[in-house]
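Each chain is listed here by its residues.
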Amino acid sequence: MPYISFLNDIILFYLILNNNDYYKAQCPMKLLYLSSQGSSLLHSLMAPLYSIHLSPFFPSLSFSHKSSLSSPPLSRSTHLSPLLKTHLLSTKAPTLVYSTSKSNNNNTLSSIVDQLQEEEEEEEFYRNYDQEPAEKLSERWSEIHGRDDWAGLLDPMDPLLRSELIRYGEFAQACYDAFDYDPFSRYCGSSKYSRRHFFERLGMASFGYDVTRYLYATSNFKIPKFFTRSVSDEHVWSQRANWMGYIAVSNDAETARLGRRDIVVAWRGTVTRLEWIADLMDYLRPVSEEGIPCPDPTVKVESGFIDLYTDKDPTCRFCKYSAREQVLTEVRKLVEFYGDERGEEVSVTVTGHSLGSALAMLSAYDLAETGAIMTPNGKRAWVTIFSFSGPRVGNGRFKERFEKVLGLKALRVLNVHDPVPKVPGMFFNEQVHELVRKFAEGLPWSYHHVGVELVLDHKRSPFLKETSDPSCYHNLEAHLHLLDGYHGRGERFVLATGRDPALVNKACDFLKEHHLVPPFWRQDENKGMVRAHDGRWMQPERQKLDDHPHDMHHHLHRLGLAENREF
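Scope of this entry: the structure provided in the associated data block. (Residues numbered from 1 in each chain as written. Predicted model: local features only at pLDDT ≥ 70, side-chain atom pairs only at ≥ 80, totals over all residues. Heavy atoms only, no water.)

## Describing the overall build of the protein chain
Phase 1 of the analysis: Broken down by element type, the protein chain carries 19 helices and 13 strands.
Phase 2 of the analysis: Each of the 567 residues in the protein chain was classed as buried or not, and the buried ones make up 56%.
Phase 3 of the analysis: In the protein chain, the share of contacts with a sequence separation of at least 24, taken over all contacts with a separation of at least 6, comes to 73%.
Phase 4 of the analysis: Put simply, the protein chain shows about 25200 Å² of open surface, and 53% of that area lies on carbon and sulfur atoms. (Helix = DSSP H or I, 4+ residues; strand = E, 2+ residues; numbered from the N terminus. Buried < 20%, exposed > 50% of the residue type's maximum accessible area, 1.4 Å probe, protein only. Contact = heavy atoms within 4.5 Å. Areas by Shrake-Rupley, 256 points an atom, 1.4 Å probe, with all protein chains shown as cover.)

## Some thoughts on the pattern of salt bridges
Phase 1 of the analysis: Under the defined criterion, the tally for this structure stands at 41 salt bridges.
Phase 2 of the analysis: Where Arg499 meets Glu170, a salt bridge forms, and the shortest distance between an N and an O atom there is 3.1 Å. Of this pair, Arg499 sits in the loop between α18 (476–485) and β12 (530–531) while Glu170 sits in helix α8 (residues 159–178); the two residues are 329 residues apart in sequence, bridging distant segments of the chain.
Phase 3 of the analysis: Arg499 gets classed as buried once you look at its relative accessible area, which sits at 10%. (Salt bridge = Lys/Arg side-chain N within 4 Å of Asp/Glu carboxyl O.)

## Structural notes on unusual backbone geometry
Residues other than glycine predominantly adopt negative phi, and peptide bonds predominantly adopt the trans conformation.
Phase 1 of the analysis: Going from Asp155 to Pro156, the amide bond is cis rather than trans, its omega being 5°.
Phase 2 of the analysis: Residue placement: Pro156 occurs in the loop between α7 (137–144) and α8.
Phase 3 of the analysis: Between Val423 and the following residue, Pro424, the backbone shows a cis peptide bond with an omega angle of -20°.
Phase 4 of the analysis: Structurally, the position occupied by Pro424 is in the loop between β10 (409–415) and α16 (434–440).
Phase 5 of the analysis: Although it is not a glycine, Trp150 sits at a positive phi angle of roughly 60°.
Phase 6 of the analysis: By the element assignment, Trp150 lies in the loop between α7 and α8.
Phase 7 of the analysis: Unlike most non-glycine residues, Ser354 shows phi in positive territory, near 65°.

## Overview of the packing of helix α13 (residues 323–341) against helix α14 (residues 355–370)
Phase 1 of the analysis: Interhelical geometry of α13 versus α14 gives an angle of 55° and a closest axis separation of 10 Å. It follows that α13 is oblique to α14 by the angle criterion. In this structure, α13 meets α14 at a crossing whose hand is right-handed. Here Arg324, Val327, Leu328 and Val331 of α13 lie close against α14, whose contacting residues are Ser363, Asp366, Leu367 and Thr370.
Phase 2 of the analysis: Classifying every residue of the contact of α13 with α14 by side-chain character gives 4 nonpolar, 2 polar and 2 charged. (Axes fitted to C-alpha atoms, helices over the stretch in contact; angles between N-to-C directions. Parallel < 35°, antiparallel > 145°, perpendicular 65-115°, else oblique. Left-handed = near helix turned anticlockwise from the far one by under 90°. Nonpolar A, V, L, I, M, F, W, Y, C, P; charged D, E, K, R; others polar.)

## Here we look at the sheet that holds strand β11 (residues 452–456)
Phase 1 of the analysis: Taken in spatial order, the 7 strands make up an open sheet running β3-β4-β5-β8-β9-β10-β11, and their pairing is mixed. A strand with exactly one partner marks an edge of an open sheet, and here the two such strands are β3 (209–218) and β11. Across this sheet, the average inter-strand angle for adjacent strands is 15°, counted without regard to direction.
Phase 2 of the analysis: As paired strands, strand β9 (residues 382–388) and β10 are joined by 5 bridges and run parallel to one another. By the bridge assignment for β10, Phe386 is matched with Leu411.
Phase 3 of the analysis: Strands in contact with α13 are β3, β4 (241–250), β5 (261–267) and β8 (346–353); relative to β3, the strand with the most contacts, it is inclined by about 160°.
Phase 4 of the analysis: Contacts from α14 reach β4, β5, β8, β9 and β10, with the element oriented near 150° to β8. (Pairing = 2+ DSSP bridges.)

Any functional reading would require information that these geometric values do not contain.
Listed below in structure tokens is the structure:
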């Protein structure tokens, strides 16, 4: 009789496999159930493949449905990576209870079907919840960009906001993917790709943006471990400069989808090295001392950040203008062209990760304070900052002027276990008691975060392993992965867009080993070496790097920042 029951199970499995797409996804679970009923061979084959342990020492077996596990929407399964497909098949386990009685077996089969139907309805809910019509972005963009300070959009997580956060995070990630970190390269510290082919080379041509300018900074400032330089001083692209990011603008087709012309300012941060944190002087300096036209001398920011933003080297082709001057002139030129000459609505979205987040906050504040987002006809571009894992930038007066006086909107995304958002100002910050804050406000070590905070937790993701490496907690790709699975506090971690988790290990070692994704897997073929006609291996020449447009001085003069000098 047990064999008849087992045959009935096989027939039911065949019907499930051939008549319902959702149950097809559950077939490994069903096979494991059948293996527990009588096929030790089936058990031995299936259990290692799907990381399910069936103990032979207990007559009763149960698999509990874990609320923290993730499965992507089934409607996207044809586009998922093998890692995602395996995870889908291995973690959606209904509650199975084995009993030796035939009647209990029949009841168990009915409960399985009921459980699968319930889970299908749950997946349908997530599919419907996350499939926001694309055309609504043009109607909701100001809300998504913080018009109401993201009230009601973070918990539960608004699907459109999630997709936009990931999209702008990928703009910041592009800085890492394009940066040349190789100390044996003559171009170490620069972008590997030319400005005109930037997004195409990164596989981001579909984003619908064109890079209008590269950003550079000089290394003669107080955070030396942040910079990357070649081991050789001969025939290098620059001995003083590092590529810091880019400015891009949406094309006509993307502008129509977005509902406005979007200017993106993306700043490079740090991928794995966190030594720069130790270089922070934890010392505040008035922004007015660095030429930012703030009427309040008590508005202060961290001295290392302002040095990086404002320093320049007249002897260097790439950093004879400061990063500040480069940003202000380019954004002003684009806002004026699209806002005044073409009469379009314009937004400026500033993004960055890690130290790049600090530069995003500082540059957005400067754009508003200097008036670079205003056109001669009085139009003002909407400015939003999407920050990822950024440190504190300024004091309480900086926060007040940033938010209340200038009306800037900032959404900070962070991992609760990441140490970087906790510095500087570990002892005197926005979290201490109000009396302590008032006492510490005049001290040079009192810092405040600005904007709205979205807190994620990497321990909620079933893809990520336990590790003591803080650079994994800090990794930008890990943050984008967590965003994809976040639906609200206490909600089940479910990947909403099917974003490939393998991207997490692009520049770190954070995925669980059974996913078989090697750590630090992203690298150039042959580390950029090519074979010459004579058979020798060599580093190829790159296209001439862009430095600064010819009309820089003209636009600096219009902003009141020009100096009496000739180049």
